[in-house]
There are 2 protein chains.
Amino acid sequence: MCPGVSNGLHETTDVNPNATTEELSETHVLLDEQNIAPAARVQQRAQHDAADSSNGRPLNPYAPRYGDLLSNTSSFKVIESTLREGEQFANAFFDLETKVKIATALSDFGVDYIELTSPAASAESRAHCEAICKLGLKAKILTHIRCNMEDAKIAVETGVDGVDVVIGTSQQLRTHSHGKDMTWIIKTAVEVIEFVKSKGIEIRFSSEDSFRSDLVDLLSVYRAVDKIGVNRVGIADTVGCANPRQVYELVRTLRGCVRADIECHFHEDTGCSIANAFCALEAGATHIDTSVLGIGERNGITPLGGFLARMYVCDPEYVKGKYNLPAIREIENLVADAVQISVPFNNHITGFCAFTHKAGIHAKAILANPSTYEILNPQDFGMSRYVSIGHRLTGWNAVKSRVNQLNLELTDEQVKDVTSKIKELADVKTQSMEDVDALLRVYHRAIHAGELEVGQSKVLDKLIQRHRSASNASSNGTAPETNGHTNGVKTHANGHANGEPTAKRARVNGA
Amino acid sequence: MCPGVSNGLHETTDVNPNATTEELSETHVLLDEQNIAPAARVQQRAQHDAADSSNGRPLNPYAPRYGDLLSNTSSFKVIESTLREGEQFANAFFDLETKVKIATALSDFGVDYIELTSPAASAESRAHCEAICKLGLKAKILTHIRCNMEDAKIAVETGVDGVDVVIGTSQQLRTHSHGKDMTWIIKTAVEVIEFVKSKGIEIRFSSEDSFRSDLVDLLSVYRAVDKIGVNRVGIADTVGCANPRQVYELVRTLRGCVRADIECHFHEDTGCSIANAFCALEAGATHIDTSVLGIGERNGITPLGGFLARMYVCDPEYVKGKYNLPAIREIENLVADAVQISVPFNNHITGFCAFTHKAGIHAKAILANPSTYEILNPQDFGMSRYVSIGHRLTGWNAVKSRVNQLNLELTDEQVKDVTSKIKELADVKTQSMEDVDALLRVYHRAIHAGELEVGQSKVLDKLIQRHRSASNASSNGTAPETNGHTNGVKTHANGHANGEPTAKRARVNGA
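Residues numbered from 1 in each chain as written. Chains lettered and ligands numbered in written order. Predicted model: local features only at pLDDT ≥ 70, side-chain atom pairs only at ≥ 80, totals over all residues. Heavy atoms only, no water.

Each helix and strand counted, chain A has 20 helices and eleven strands in total. Classification of the 511 residues of chain A by burial places 63% in the buried group. Within chain A, residue pairs in contact and separated by at least 24 positions form 73% of the contacts whose partners lie at least 6 positions apart. Per element, the accessible surface of chain A, about 18100 Å² overall, is 49% carbon and sulfur. (Helix = DSSP H or I, 4+ residues; strand = E, 2+ residues; numbered from the N terminus. Buried < 20%, exposed > 50% of the residue type's maximum accessible area, 1.4 Å probe, protein only. Contact = heavy atoms within 4.5 Å. Areas by Shrake-Rupley, 256 points an atom, 1.4 Å probe, with all protein chains shown as cover.)

This part covers helix α4 (residues 96-109) of chain A. Given 3.6 residues to a turn, an α-helix orients residues that are three or four positions apart in the same direction. All names here are of chain A. Taking 1.5 Å of rise per residue, the 14 residues of α4 would be expected to cover 20 Å, and the 20 Å separating its terminal C-alpha atoms lies within 8% of that figure. Here α4 has its buried residues at T98, K99, I102, A103, L106, S107 and F109. Seen along its axis, α4 keeps its buried residues to an arc of 160 degrees; they face one direction. Exposed and facing more than 90 degrees away from the buried side of α4 are E97 and D108. Of the surrounding secondary structure, the elements contacted by the buried residues of α4 are β1 (77-80), β2 (113-116), α5 (123-133), α12 (304-314), α13 (316-322) and α14 (328-338). Just past α4, the residue G110 takes up positive phi, approximately 115 degrees. (Expected span 1.5 Å × (residues − 1). Arc of directions from axis to C-beta.)

Residue and element names in this part refer to chain A. In terms of domains, chain A is made up of domain 1 (77-339) and domain 2 (356-469). Relative placement of domain 1 and domain 2: their C-alpha centres are 49 Å apart. Tallying the contact residues gives seven residues for domain 1 and seven residues for domain 2. Note on domain 1 versus domain 2: buried area summed over both sides is about 700 Å², and carbon and sulfur give 68% of it. (Domains from an automatic or database assignment. Buried area = accessible area lost by both parts, 1.4 Å probe.)

Turning to the relation of the copies chain B and chain A, a few remarks are in order. Once chain B has been moved 0.0 Å along the axis and rotated by 180 degrees, it coincides with chain A to within an RMSD of 0.0 Å. Such values leave the two copies arranged in the relation of a two-fold axis. The position closest to the rotation axis in chain B is occupied by the C-alpha of B:P344, lying 2.5 Å away. (Least-squares fit on C-alpha atoms with pLDDT ≥ 70 in both.)

All right, on to the sheet that holds strand β3 (residues 140-146) of chain A then. What links the strands of a sheet is backbone hydrogen bonding, and the strands pair in either a parallel or an antiparallel sense. Residues and elements named next belong to chain A. The strand order around the closed barrel formed by eight strands is β1-β2-β3-β4-β5-β6-β7-β8, and the pairing between neighbours is parallel. Neighbour-to-neighbour, the strand axes of this sheet turn through a mean angle of 25 degrees, independent of strand direction. With four bridges joining them, β1 and strand β8 (residues 287-290) adopt parallel strand pairing. In the strand pairing of β8, V78 is matched with I288. (Pairing = 2+ DSSP bridges. Axes fitted to C-alpha atoms, helices over the stretch in contact; angles between N-to-C directions.)

The next thing to look at is the packing of aromatic side chains. Residue and element names in this part refer to chain A. Here the structure, examined in full by the defined rule, presents 18 aromatic pairs over all chains. With 6.2 Å between their ring centres and 75 degrees between their planes, F205 and Y222 make a pair best called edge-to-face. Residue F205 is found in strand β5 (residues 202-208), and its partner Y222 is found in helix α9 (residues 215-227); the two are separated by 17 residues along the sequence. Neither F205 nor Y222 differs from the other in exposure class; each is buried. Of the aromatic side chains, those joined through ring pairs into one cluster are F76, F109, F307, Y318 and Y323. Stacked on the ring of Y113, the Lys or Arg R232 has its end atom at 5.0 Å from the ring centre. Directly above the ring of F76 sits K322, whose terminal nitrogen or CZ lies 5.7 Å from the centroid. (Phe/Tyr/Trp six-rings, centres within 6.5 Å; stacked < 30°, edge-to-face > 60°. Lys NZ or Arg CZ within 6 Å of the ring centre and 35° of its normal.)

Let us look at the interface of chain B and chain A. The partner chain A presents 116 residues to the 116 residues of chain B that form the contact. Of the roughly 9700 Å² buried between chain B and chain A, counting both surfaces, carbon and sulfur atoms make up 56%. Where chain B meets chain A, there are two salt bridges. As a salt-bridge pair, A:R245 and B:E282 come within 3.1 Å of each other at their nearest N and O atoms. Its residues assigned to classes, the side of chain B that touches chain A comprises 49 nonpolar, 41 polar and 26 charged. (Salt bridge = Lys/Arg side-chain N within 4 Å of Asp/Glu carboxyl O. Nonpolar A, V, L, I, M, F, W, Y, C, P; charged D, E, K, R; others polar.)

Cross-referencing UniProt, the feature "domain: Pyruvate carboxyltransferase" (unreviewed entry) maps to residues 76-329 of chain A in the present numbering. Between the end C-alpha atoms of residues 76-329 of chain A the distance is 22 Å, and the span holds 44% helix and 18% strand. (UniProt positions renumbered as here; feature names shortened; annotations may be inferred.)

Residue and element names in this part refer to chain B. If you trace the eight strands once around the closed barrel, you get β1-β2-β3-β4-β5-β6-β7-β8, paired in parallel fashion. This sheet shows a mean twist of 25 degrees between the axes of neighbouring strands, independent of strand direction. Alignment of strand β4 (residues 162-168) against strand β5 (residues 202-208), held across seven bridges, turns out to be parallel. Each bridged residue has a counterpart across the sheet, and for D164 the counterpart in β5 is R204.

A few words now on empty space enclosed by the protein. Scanning all chains against the criterion turns up 13 cavities of 30 Å³ or more. In this structure, the largest cavity encloses a volume near 380 Å³. A:E268, A:H348, B:E268, B:N346 and B:H348 are the residues nearest the centre of the largest cavity, which is lined by 27 residues in total. At the level of secondary structure, the elements contributing two or more residues to the lining of the largest cavity comprise α11 (273-282) of chain A together with α11 (273-282) of chain B. For the lining of the largest cavity, the per-class residue count stands at eleven nonpolar, 14 polar and two charged. (1 Å grid on protein atoms, 1.4 Å probe; cavity = no way out; pocket = protein on both sides within 12 Å on 5 of 7 lines; lining within 4 Å. Points joined across faces, edges and corners; volume = space filled by probe spheres on them.)

Now for the pattern of salt bridges. Residue and element names in this part refer to chain A. For the coordinates displayed, the defined rule picks out 52 salt bridges over all chains. We note a salt bridge from D412 to K400, for which the minimum N-O separation is 3.1 Å. Of this pair, D412 sits in helix α17 (residues 412-428) while K400 sits in helix α16 (residues 396-405), placing them twelve residues apart in sequence. On the accessibility criterion, K400 (29% relative accessible area) is partly exposed. Each of K140, D164, E202, R204, R232 and E263 takes part in one network of salt bridges that share partners.

Residue and element names in this part refer to chain B. Helix α18 (residues 433-448) packs onto helix α16 (residues 396-405) with a crossing angle of 75 degrees between their chain directions and a minimal axis gap of 11 Å. Comparing their axes, α18 and α16 come out roughly perpendicular. Seen from α16, the contacting residues are V399, R402 and V403; seen from α18, they are M433, D437 and L440. Tallied by class, residues from the contact of α16 with α18 come to four nonpolar, no polar and two charged. (Parallel < 35°, antiparallel > 145°, perpendicular 65-115°, else oblique.)

Take the side chain of B:D269 next. Looking at the element boundaries, B:D269 is found in the loop between β7 (261-266) and α11. Among the residues examined, B:D269 registers a relative accessible area of 5% and is labelled buried. For B:D269, the side chain forms a polar contact with the side chain of B:R298, separated by 2.7 Å. Not counting residues within four places of it along the chain, the set of residues in contact with B:D269 comprises A:A309, A:H348, A:A354, A:I375, A:L376, B:V239, B:G240, B:R298 and B:N299. (Polar contact = N/O pair within 3.5 Å; in protein donor to acceptor, adjacent residues only side chain to side chain.)

Bringing the state of the cysteines into the picture now. For the structure on display, the rule yields zero disulfides over all chains. Here B:C241 stays free of any disulfide, with the sulfur of B:C272 as its closest cysteine sulfur at 10 Å. (Disulfide = S-S within 2.5 Å.)

Okay, the environment of A:I288 next. Residue and element names in this part refer to chain A. Within the fold, I288 resides in strand β8. We classify I288 as buried; its relative accessible area is 0%. Residues I288 and S81 lie 207 residues apart in sequence; the distance between their C-alpha atoms is 9.9 Å. The contact partners of I288, leaving out residues within four places of it in the chain, are K77, V78, I79, C264, A277, A280, L281 and F307.

This part is about the packing of α9(A) against helix α10 (residues 244-255) of chain A. Residues and elements named next belong to chain A. Running from N to C, α9 and α10 cross one another at 40 degrees; their axes reach a closest spacing of 11 Å. Between α9 and α10, the interaxial angle falls into the category oblique. Relative to α10, the crossing made by α9 is right-handed. Contact residues: L215, L218, L219 and Y222 in α9; L250, T253 and L254 in α10. (Left-handed = near helix turned anticlockwise from the far one by under 90°.)

With that settled, the discussion passes to the pairing of strand β8 (residues 287-290) of chain B. All names here are of chain B. A two-sided burial pattern is seen for β8, the buried positions comprising H287 and D289 on one face and I288 and T290 on the other. Relative to β8, β7 runs parallel, the two being bridged by two bridges. Bridged to E263 within β8 is H287. Considered for its hand, the β-α-β crossover made up of β7, α11 and β8 is right-handed. (Right-handed = clockwise from strand over helix to strand, strands pointing away.)

Here is the structure:
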């Protein structure tokens, strides 16, 4: 878990992409298909690490550095709950057509499971559940019910591949929600589980509000349901109070008590839903609940995109091999439209600024090697990288890159000269990409026509002024400024145009 | 760190609010003012815990359960970097007037430090820095510079209270950014630190890209600068690759090597910026860098609001006592306007759905006791709680709450009856709050006029139909639907109206 590696993700991939991909894919095929025991997995991982360290270069510096007995960070499964947890989002009122679109897109994307609202919730919920089961999707279909026989009976008749049962175990929920004690909970859970299993479909038992529940109560009920062969046990941070190390400890303890798979569900109230999911997998959890854009009750749960960004850093080949990452943007837009929200400006991967570089020091290094300031390769997510240059923090290396893109010929000395003019102008007024490009073209033309030399700032000012007057006259009042910063940005912040260039950003060489 | 507590945050506060507040405040005053040694702090915390456990009830169940030698989760400081890191956000082009507004608001809010862009970046950056130093704000003013004497000389002349120097230490940055080796880095760092110290102001030394740096390199440079009396050393997850347990381990290791305070800076690329900040404090870090709404290079850093939500859960009295939490919304709107973005729908605390409850099972329990499904008390943040009822997942308890708010008199049996009608209608078409209120009023009037009895679903349908025709006729085409869901929501998603009720949400008793 210590730092101390000198190769970045992009760099490692660049050095020997084929070998890396094949070696890792092979490991994952083994893990997935043969369902090997944890001890064997660790050995395999250790051999893998050893083979790798023999050439003095770790395969992926962000993977755990030593074989980890419990970690499933390279073998996790996603239970996508946009159509259950997401339906509890304030704005979500999905009709069947929308649900079918979302379920199909998620299945094509590669999620392992899709979880639907309880068919006991309403007649329409039931009809939707039955319809989605009939689509024949690759992803398994689950439904999420309260822990009682009536709900279970309705659920098993819908055609689902599995049932997720849940009941509150914290004192708060026992007192103020369902009013049952632990004896009742265990007895009812066993009844429901045996019934669902008798129908030949998967069954998960989860406590609700697990992180405010008594540890002994929790382990007692999990051990009881594990004994009768539940497929998965679940831990839910229902109120979003859990922190990462606490999650690691609870999951690790649970891992020592049950044979079943462990599913985890984390709310985002205090900003830890992605980190908690990661730590849960490190501690031996196997399945993570997500929703698209994180939508759910209150401000939601672990977002699908952000979670995969986190896991990609740990094991890019597993994530890229299993999920169709470039489709994430389309799925997010589909759900955003369905619930009438905008994709947040800072959304992981697809937010409009996720791959935008601005500081001069960053821009220079990014142009030399993207791994310097990027841990996610935008191409793997179908995204592009942008370097912003029309501002007072700009540097001459970023400007030089734009000069090359425009096919202009300037020496380094000339680029430095024009950069200082960009900074000077940006100190006075925001410079759009068009403003900067115009300046570069004016400078280039004047230098090559012999009208201008390096350092003649006042001559350049006059040339700029002359150019502006000319273009204002020819454009009949539609001054270049109106196409610049303000409009471009407003479009971004309000629409779903995440990831598209605005006028402020220059596209960089092929990325 | 284990779960196993049965009192929620709201509940605990409710039982004995005065005692809790006073006891905790007293502790914090001691911690802040006397700057006591870690060992004494632990003892104090242990005595505190012991006093508390003697009455069988933990003071705050989300605080660490055992005295933690290193943890500063109850004594951290915020270095607010909206005017430095935030200025690297794609859309940020702050003029002086905006900077003054933001700095003043942050200082009034209670942040400990405000960090500004390097005065070496441009003439205007320098002028802004000098102007903000002259405001006489309560918060200390820092500026952030590259590790070289030229930048340091400019910085100390601006009137700042301290200088934050930074240099890349990873192989990536050493190769592709500044091109210097560790010997050069240590030599230059020592020079710059001694110079800044000689001017009588604070000095921090931070590595850049710390989590991809060699551990021995890192510790060597930190020990060297600690020896000459640097005030703070900094760790920066510049590319957003770090995970929480890795952060804990690196900070804990560093804590054992230096006497200086430890500042941490986390990027959000892989969704861990808040969790990493929390784990850093658990491991002994003292200062956390934040920005408003998390704005910064790419998709930014630890957001101020989300970070304080996380810390509030751990120690509400410390956070409430030190920061003016209800002002967070105004500060976020100020910055959002300045950089032309919308507050994300799911923003921590102030996102429009942060305190909205929808699922029937949640709504029922929330009405009985808010701590069941809330870990943050919305009142402490100047926010309100809403329970949404016009949907197919609604429950009769939530409907009853609305009936009471409308001063209607219905028995529980009648409320259950009208709830089934709400669910039936919501299965067909989205029901706005106005739709639901109209239904409740029609039902109430008819029941009391003897036109309707419980269970007469078809009679009720006719009454609703009659009401709709009447109101359509009287409203001249402005049907109630146009005031409902769609418009209310669009306003929210595009504007800054975070936290305001839409037509879909009912306000609950006094919260």
